[in-house]
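# Geometric and topological summary
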Amino acid sequence: MDRVIIFDTTLRDGEQSPGFSMNTLEKLEMARQLARLQVDVIEAGFPISSDEDFEATREVAKQVGTLDNAPTICGLSRVGLADIDRCWEAVKYARKPRIHTFVATSDIHLKYKLRKSRAEVLRAAVEAVRHAHGYCADVEFSPEDASRSDFDYMCDVLSAVIEAGATTINIPDTVGYAIPREWGERIARIRDTVRGVEKAVLSVHCHNDLGQAVANSLTAIMSGARQVECTINGIGERAGNASLEEIVMALRTRKDFFAADTRVRTEEIFKTSRLLSHITGIHVQPNKAIVGENAFAHEAGIHQDGVLKEKLTYEIMRPEDIGRPSNKLVLGKHSGRHALAARLKDLGLDLAGPDLDRAFKAFKDLADRKKEVYDEDLMAIVADEATQGAAGYEIEYLHVISGTGVVPSATVKLKKDGQVFQDSGVGDGPVDAVLNAIDAVTGMKGRLQDYSLRSATSGKDAIGEVAMKVDFDGTVVWGKGASTDVIEASARAYLSALNRVVHPSGQRLKEIGP
Ligand code: KIV
Ligand code: ZN
């Protein structure tokens, strides 16, 4: 059985897409869970892109890259030598650091983006790999836009970087243009053509613009690729990257066909998927393969009948294979701090000290309001506390009047740095009124660009989770909040967005040139 290396780029390519940005603490929490999932490589960030990305990559290297059996911690870097220096400064703390450097090789990118000749790009790639190799033995090189690059030229670049010290060559379908059979053939031809390819690991990185990212990754494996780059829930630029859980479960379920497998502990998949949704406030579609709400739900009578008689009739995987919990009642009003900590640990949330204190208080408040507390509720309150816990405004009091034939109005008291401020507002509806009242207190004017509300569990008393995108005078930020009261959840989401502007540590510089 061959082994396929799982290179997770949730914290870099995934995080780079709108709505998925994570601060250092959030990245650390995800990285710890990725280590439990047992991915081989975590690409933690693009250190030159911003101070915060640098810090997050460095902290992942220090805190996750030094654990027993830690995965390799990788940072992304363009081919500029200063980029590589900065990348090394961030990843060097890990037991197994990797520098991943890339430059485009397609004529379209050379002509319009880089304005460089093929020879100049080849030289820059070789110099970059040599420079990176001076720092660390593990160097990955990617010819960006490989699927639209001239084949012979790209192979010349790949041969040259292997000679310069690249240990992994990663072939990206940057724009999601490839079709599985063609892509498989391209990977096989690279294996046959590139000089020294047997000394390097051959990898692919597929985007999902035509919905082919997972299929392309799997055909590449059939053609000899032994590393795949992917993200949890398939998040990433535009239509996303290849989804980790789909690739891993395809390989595991069809070992007979692929004769290849991964080291991933599949029982951690569901937890990891949910943790990402809770951190980012963005949920997967119900019919998403492997981790969607309906992925294991048999609705049709004939299917239910078959499954009741023998699961094998319609089930090719078992929910427990991916660690999917039954939505069971976990804790009640009388449960103590220890029980909460233990249950959270089972859910992948290892809280202690003040974080656990805050979660316990939120749990007690919730248990007073809601009879039955489920795993999903716990995840929602912890994610909510983590966002609200940041410095900035906190809700002290909220009063809303709304109804048919009434002008909705709201009064809020917000606390900041020990002081309490109060104001009120009216609006088209209760949410509008509350947000206007918050604007009146803070003197900031937010324009709502996106708003979504979902319930964490079923039942009339379910927690409502709100995610919103707000434009504060040209700075666009995401916020999220959770409460059994959806108006309060909206206010919390708005404040978590606003606090990112007031305390820009939650913000990052996203745009970076070629
Ligand atoms: O899609 C892409 O080309 C990338 C590279 C940096 C590997 O993300
Ligand atoms: Zn990419």
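Please read these numbers as outputs of a predicted model, since none were measured by experiment.

### Re the pairing of strand E6 (residues 139–144)
Within E6, six of the six residues are buried, which leaves the element mostly enclosed by the surrounding structure. Alternating positions in E6 separate into two faces, Val139, Phe141 and Pro143 on one and Glu140, Ser142 and Glu144 on the other, with burial throughout. Where strand E5 (residues 97–104) meets E6, six bridges bridge the pair, whose relative direction is parallel. The partner of Val103 across the bridge, within E6, is Pro143. In this sheet, strand E7 (residues 168–173) lies alongside E6 in parallel orientation, the contact comprising two bridges. Counterpart to Glu140 in the pairing with E7 is Thr168. With respect to chirality, the unit in which E6 leads through helix H7 (residues 151–164) into the neighbouring parallel E7 is right-handed.

### Some details on the coordination of the zinc ion (ligand 2)
Protein ligation of the zinc ion (ligand 2) involves Asp13 (OD), His205 (NE2) and His207 (NE2), the donor distances falling in the range 1.9 to 2.1 Å. All donors to the zinc ion (ligand 2) come from one chain, and their sequence spacing reads D-x191-H-x1-H. His207 shares its class with His205; the two are buried.

### Quick look at the domain arrangement of the protein chain
Domain annotation of the protein chain identifies domain 1 (2–280), domain 2 (294–324), domain 3 (329–386) and domain 4 (394–511). Computed from C-alpha atoms alone, the centre-to-centre distance between domain 2 and domain 3 is 30 Å.

### Notes on the packing of helix H3 (residues 51–63) against helix H4 (residues 81–91)
The interhelical angle for the contact between H3 and H4, taken along N-to-C directions, is 40°, at an axis separation of 7 Å. Taken together, H3 and H4 sit at an angle that is classed as oblique. Along its contact with H3, which presents Asp51, Phe54, Thr57, Arg58 and Ala61, the element H4 presents Arg86, Glu89, Ala90 and Val91. Of the residues contributing to the contact of H3 with H4, the split by class is four nonpolar, one polar and four charged.

### Overview of the site of ligand 1
What surrounds ligand 1 is the set Arg12, Asp13, His100, Phe102, Ser142, Glu144, Asn170, Pro172, Thr174, His205 and His207. Within the side chain of His205, an N or O atom sits 3.1 Å from an oxygen atom of ligand 1. In this structure, His207 approaches ligand 1 through a side-chain N or O atom, which is 3.0 Å from an oxygen atom. Here ligand 1 loses 94% of its free accessible area of 260 Å² to cover by the protein chains. Elements represented by at least two residues in the shell around ligand 1 include exactly helix H1 (10–14), E5, E6 and E7.

### Details of the sheet that holds E7
Strand order in the closed barrel formed by eight strands is E2-E3-E4-E5-E6-E7-E8-E9, with parallel pairing between adjacent strands. Adjacent strand axes in the sheet meet at a mean angle of 25°, parallel and antiparallel pairs treated alike. In the packing of helix H2 (residues 24–37) onto the sheet, contacts are made with strand E2 (5–8) and strand E3 (41–45), and the angle to E3 comes to roughly 175°. Where H7 meets the sheet, it contacts E6 and E7, and its direction lies at approximately 165° from that of E6.

### Digging into the confidence of the model for the protein chain
Confidence along the protein chain averages 91 in pLDDT terms, with 95% of residues attaining 70 or more. Confidence drops under pLDDT 50 across residues 505–514; counting only partners more than four residues distant or on other chains, this segment forms 29 contacts.

### Observations regarding the sheet that holds strand E13 (residues 394–401)
Paired through their backbone hydrogen bonds, the strands of a sheet run either parallel or antiparallel. Reading across from one edge, E13-E14-E15 is the order of the three strands in this open sheet, with antiparallel pairing throughout. Pairing within the sheet leaves two strands with one partner each, and these edge strands are E13 and strand E15 (419–426). Across this sheet, the average inter-strand angle for adjacent strands is 15°, counted without regard to direction. One ladder, built from eight bridges, connects strand E14 (residues 409–416) with E15; its direction is antiparallel. Of the residues in E15, the one forming a bridge with Lys413 is Gln422.

### Details of unusual backbone geometry
One non-glycine residue with positive phi stands out, namely Gln38, at about 70°. Its location among the elements puts Gln38 in the loop between H2 and E3. Overall, the relative accessible area of 26% leaves Gln38 in the partly exposed class. The phi torsion at Asn233 lies on the positive side, around 60°, for a residue other than glycine. Along the chain, the position of Asn233 falls in the loop between strand E9 (227–230) and helix H10 (244–253). On the accessibility criterion, Asn233 (11% relative accessible area) is buried.

### Examining the pattern of salt bridges
A complete count under the given rule lists 43 salt bridges for this structure. Across the pair Arg263 and Asp40 runs a salt bridge, and its minimum N-O distance is 3.0 Å. Residue Arg263 is located in the loop between strand E10 (260–261) and helix H12 (269–280), and its partner Asp40 is located in the loop between H2 and E3; the two are separated by 223 residues in the primary sequence. A relative accessible area of 31% places Arg263 in the partly exposed class. Among the salt bridges present, the one from Asp68 reaches Arg95, with a minimum N-O distance of 3.7 Å. Of this pair, Asp68 sits in the loop between H3 and strand E4 (72–78) while Arg95 is found in the loop between H4 and E5, placing the two residues 27 residues apart along the sequence. Of the two residues examined, Asp68 and Arg95, each falls in the exposed class.

### Quick word on a nonpolar patch on the surface
On the surface, a cluster of nonpolar side chains totalling about 310 Å² of accessible area is made up of Leu448, Tyr451, Leu453 and Val486. For the nonpolar patch, the element with the highest residue contribution is strand E16 (residues 446–455), accounting for three residues. Along the polypeptide, Leu448 turns up in strand E16.

Criteria and cut-off values
- Residues numbered from 1 in each chain as written.
- Chains lettered and ligands numbered in written order.
- Predicted model: local features only at pLDDT ≥ 70, side-chain atom pairs only at ≥ 80, totals over all residues.
- Heavy atoms only, no water.
- Buried < 20%, exposed > 50% of the residue type's maximum accessible area, 1.4 Å probe, protein only.
- Helix = DSSP H or I, 4+ residues; strand = E, 2+ residues; numbered from the N terminus.
- Pairing = 2+ DSSP bridges.
- Right-handed = clockwise from strand over helix to strand, strands pointing away.
- Donors = N, O, S within 2.8 Å, 3.2 Å for Na, K, Ca; no water.
- Domains from an automatic or database assignment.
- Axes fitted to C-alpha atoms, helices over the stretch in contact; angles between N-to-C directions.
- Parallel < 35°, antiparallel > 145°, perpendicular 65-115°, else oblique.
- Contact = heavy atoms within 4.5 Å.
- Nonpolar A, V, L, I, M, F, W, Y, C, P; charged D, E, K, R; others polar.
- Near = heavy atom within 4 Å.
- Polar contact = N/O pair within 3.5 Å; in protein donor to acceptor, adjacent residues only side chain to side chain.
- Areas by Shrake-Rupley, 256 points an atom, 1.4 Å probe, with all protein chains shown as cover.
- pLDDT = per-residue confidence, 0-100.
- Salt bridge = Lys/Arg side-chain N within 4 Å of Asp/Glu carboxyl O.
- Patch = residues over 30% accessible without salt bridge, like charges linked within 9 Å, V, L, I, M, F, W, Y side chains within 5 Å.

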